[in-house]
Amino acid sequence: MKKNRLGNTDLYVSPVAFGVLTVGNTQLDLPVEEGAELIKYAIEKGINFFDTAQYYETYPYLKEALKDIDMSPNNPDRPIICTKSLDYSYKEMEFAIEEALRDMDIEVIDIFLLHEVRQDPDWDDKAAAWQCLQDYKAKGIIRYIGVSTHHVDVTERMAEVPECDVVFPLINYAGLGIRKGAGHGTSEEMAAAIKKCADAGKGVFAMKAFGGGNLTGTYMKSLNFVRDLPGIDSIMIGFGKKAEVDTIIAYANGELPDDFQPDVSKKKIHIDPGDCEGCGTCLERCPNKAIFMNGKNIAEVNHDICLTCGYCAPVCPVRAIIMW
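Residues numbered from 1 in each chain as written. Predicted model: local features only at pLDDT ≥ 70, side-chain atom pairs only at ≥ 80, totals over all residues. Heavy atoms only, no water.

1. Structural notes on the overall build of the protein
Point 1. Across its full length, the protein holds 10 helices and 16 strands.
Point 2. Compactness check: the protein gives a C-alpha radius of gyration of 19 Å against a globular reference of 20 Å for 324 residues, within 12% of the reference.
Point 3. With respect to the three principal axes, the spread of C-alpha positions in the protein is 55 × 45 × 35 Å.
Point 4. Sorting the 324 residues of the protein into buried and exposed places 56% on the buried side.
Point 5. Summarising the internal contacts of the protein: among those between residues at least 6 apart in sequence, 72% fall at separations of at least 24.
Point 6. Carbon and sulfur atoms form 49% of the exposed surface of the protein, whose accessible area is close to 14000 Å².
Point 7. In the protein, which carries 34 positive and 49 negative side-chain charges, the distance between the mean positions of the two groups comes to 3 Å. (Helix = DSSP H or I, 4+ residues; strand = E, 2+ residues; numbered from the N terminus. Rg over C-alpha atoms; globule rule 2.2 N^0.38 Å. Buried < 20%, exposed > 50% of the residue type's maximum accessible area, 1.4 Å probe, protein only. Contact = heavy atoms within 4.5 Å. Areas by Shrake-Rupley, 256 points an atom, 1.4 Å probe, with all protein chains shown as cover. Lys, Arg positive; Asp, Glu negative; His and termini not counted. Charge placed at Lys NZ, Arg CZ, Asp CG, Glu CD.)

Right, here's the structure in full:
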């Protein structure tokens, strides 16, 4: 599989990549050995780029998957690992870096991001954490730094931050989960922001091409839209089965027919408790009253009456509604 250069970095990444969130306890909750085997399978098939995060609690999967691979910095063929932290303070970010190194048993972190940066003042509030990333990059412990974000305005701003090497924005053709300021953003606005970053030399890899699984039924349209955007170097996708890896590899190699559509009949709507902010918007939108607020003030789905219509997903302001 041909690799793409990630912006102005010296990293060359597969055009499709593996978001490890899906194997962890907030989604599929696979046994560590099973999840690690899936990661190893993806590596064997040519995927060399993997995204995780402190919040995901998926480091054990990567540690197990990578234990027999030469992960020394001088091995140009080793898998490329990106991780992220939600922390704000210098001390907390320093702990997050050390935790990632220890729990994945690696010497160097290829990419470390501020996780899910929102509109101002979130960026300014994370100044200490950002400084910590810069300091650890200067030490050679982190190779490249940047942000992940759902926000158009944050993506635009990163084009003008010289210390930012890479950006990990949310983008899909339907605009699911895209934010701008305190409101909704559009796919056109995010695409323009992505191009601005790419023109500034930032490496850009995309999240949520399938809108958290809600757009999987339009598989080719979803992937083609993101792939064809100017500035996209790689698309990060979650997998739960080897067959899904095989399909994405076939796509990357141009071997899938234009009318390919996976079977999504067994997929269900889920609400990520870590992302849900309890606003209740999805409850109002659900036509069958299948969503309710649980005792923790988090939205939850009653699968016995859920129609899997997906009407709730577009109105969620924080992209907490996913399908798998």
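Still to come is the rest of the account.
2. A look at the sheet that holds strand S7 (residues 142–149)
In sheet architecture, strand pairing relies on hydrogen bonds along the backbone and comes in two forms, parallel and antiparallel.
Point 1. The strand order around the closed barrel built from 8 strands is S3-S4-S5-S6-S7-S8-S11-S12, with neighbouring strands paired in parallel fashion. On average, each strand axis in the sheet is tilted by 30° relative to the strand beside it, whichever way the strands run.
Point 2. Pairing between strand S3 (residues 16–19) and strand S12 (residues 234–238): 4 bridges, direction parallel. Among the inter-strand pairings, Val16 is bridged to a residue of S12, identified as Ile235. (Pairing = 2+ DSSP bridges. Axes fitted to C-alpha atoms, helices over the stretch in contact; angles between N-to-C directions.)

3. Looking at the nonpolar core
Point 1. Residues Phe18, Ile47, Phe49, Ile97, Ile111, Phe205 and Ile248 are the most contacted members of the largest nonpolar core, which totals 88 residues.
Point 2. Among the elements that take part in this core, helix H3 (residues 90–104) stands out by supplying 6 residues, more than any other.
Point 3. Excluding its chain neighbours within four sequence positions, the residues that come into contact with Ile47 are Met1, Ser14, Val16, Ala17, Phe18, Ala42, Phe239, Val245, Ile248 and Ile249. (Core = buried A, V, L, I, M, F, W, Y, C linked by side-chain atoms within 4.5 Å.)

4. Considerations on the layout of surface pockets
Point 1. Size it by volume and the largest pocket reaches roughly 1300 Å³.
Point 2. Where the lining of the largest pocket is concerned, the elements lending two or more residues are S12, helix H9 (242–252) and strand S16 (321–323).
Point 3. When its residues are assigned to classes, the lining of the largest pocket shows 21 nonpolar, 14 polar and 14 charged. (1 Å grid on protein atoms, 1.4 Å probe; cavity = no way out; pocket = protein on both sides within 12 Å on 5 of 7 lines; lining within 4 Å. Points joined across faces, edges and corners; volume = space filled by probe spheres on them. Nonpolar A, V, L, I, M, F, W, Y, C, P; charged D, E, K, R; others polar.)

5. A look at the packing of H3 against helix H5 (residues 127–138)
Point 1. At a minimum axis separation of 7 Å, H3 and H5 run at an interaxial angle of 45°. As summarised for this structure, H3 and H5 are arranged oblique, according to the angle between their axes. Of the two possible hands of crossing, H3 and H5 adopt the one that is right-handed. Facing Tyr90, Met93, Glu94, Ile97 and Glu98 of H3, the residues of H5 in contact are Ala128, Ala129, Gln131, Cys132, Leu133, Asp135 and Tyr136.
Point 2. The residue makeup of the contact of H3 with H5, split by class, is 8 nonpolar, 1 polar and 3 charged. (Parallel < 35°, antiparallel > 145°, perpendicular 65-115°, else oblique. Left-handed = near helix turned anticlockwise from the far one by under 90°.)

6. Points about the packing of helix H1 (residues 32–45) against helix H2 (residues 59–66)
Point 1. At a minimum axis distance of 8 Å, the contact between H1 and H2 shows a crossing angle of 55°. Between H1 and H2, the angle is such that the two are oblique. Our pair here, H1 against H2, has a crossing hand that is right-handed. Residue-level inspection shows Val32, Gly35, Ala36, Ile39, Lys40 and Ile43 of H1 in contact with H2, the latter providing Pro60, Tyr61, Leu62, Glu64, Ala65 and Leu66.

7. Section: the pattern of salt bridges
Point 1. Scanning all chains against the criterion turns up 18 salt bridges.
Point 2. Note that Lys67 and Glu64 form a salt bridge whose closest N and O atoms lie 2.9 Å from each other.
Point 3. According to the relative accessible area criterion, Glu64 is partly exposed, its value standing at 26%.
Point 4. With a closest N to O distance of 3.1 Å, Lys180 and Glu189 form a salt bridge.
Point 5. A cluster of three or more residues bridged by salt bridges with shared partners is formed by Asp10, Arg78, Asp110 and Arg143. (Salt bridge = Lys/Arg side-chain N within 4 Å of Asp/Glu carboxyl O.)

8. Some words on the packing of aromatic side chains
Point 1. Within the structure shown, the criterion is met by 8 aromatic pairs.
Point 2. For the ring pair Phe168 and Phe205, a centre distance of 4.3 Å and an interplane angle of 25° mean the geometry is stacked. You can see Phe168 sitting in strand S8 (residues 166–169) and its partner Phe205 sitting in strand S11 (residues 203–206), a full 37 residues away along the chain.
Point 3. The exposure class of Phe168 is buried, given its relative accessible area of 3%.
Point 4. Given the relative accessible area of 0%, Phe205 is considered buried.
Point 5. Joined through ring pairs, the aromatic side chains of Phe18, Phe50 and Phe239 make up one cluster.
Point 6. Geometry around Tyr88 places Lys126 over its ring, the cationic atom sitting 4.9 Å from the centre.
Point 7. Against the face of Tyr136 rests Lys139, its NZ or CZ located 4.1 Å from the ring centre. (Phe/Tyr/Trp six-rings, centres within 6.5 Å; stacked < 30°, edge-to-face > 60°. Lys NZ or Arg CZ within 6 Å of the ring centre and 35° of its normal.)

9. Thoughts on the side chain of Thr149
Point 1. As for its position among the elements, Thr149 is in strand S7.
Point 2. Among the residues examined, Thr149 registers a relative accessible area of 0% and is labelled buried.
Point 3. Polar contacts involving the side chain of Thr149 include one to the main-chain amide nitrogen of His151, which spans 3.0 Å.
Point 4. Those residues in contact with Thr149 that sit more than four places away from it in its chain are Glu116, Val117, Val154, Thr155, Phe168, Pro169, Leu170 and Met207. (Polar contact = N/O pair within 3.5 Å; in protein donor to acceptor, adjacent residues only side chain to side chain.)

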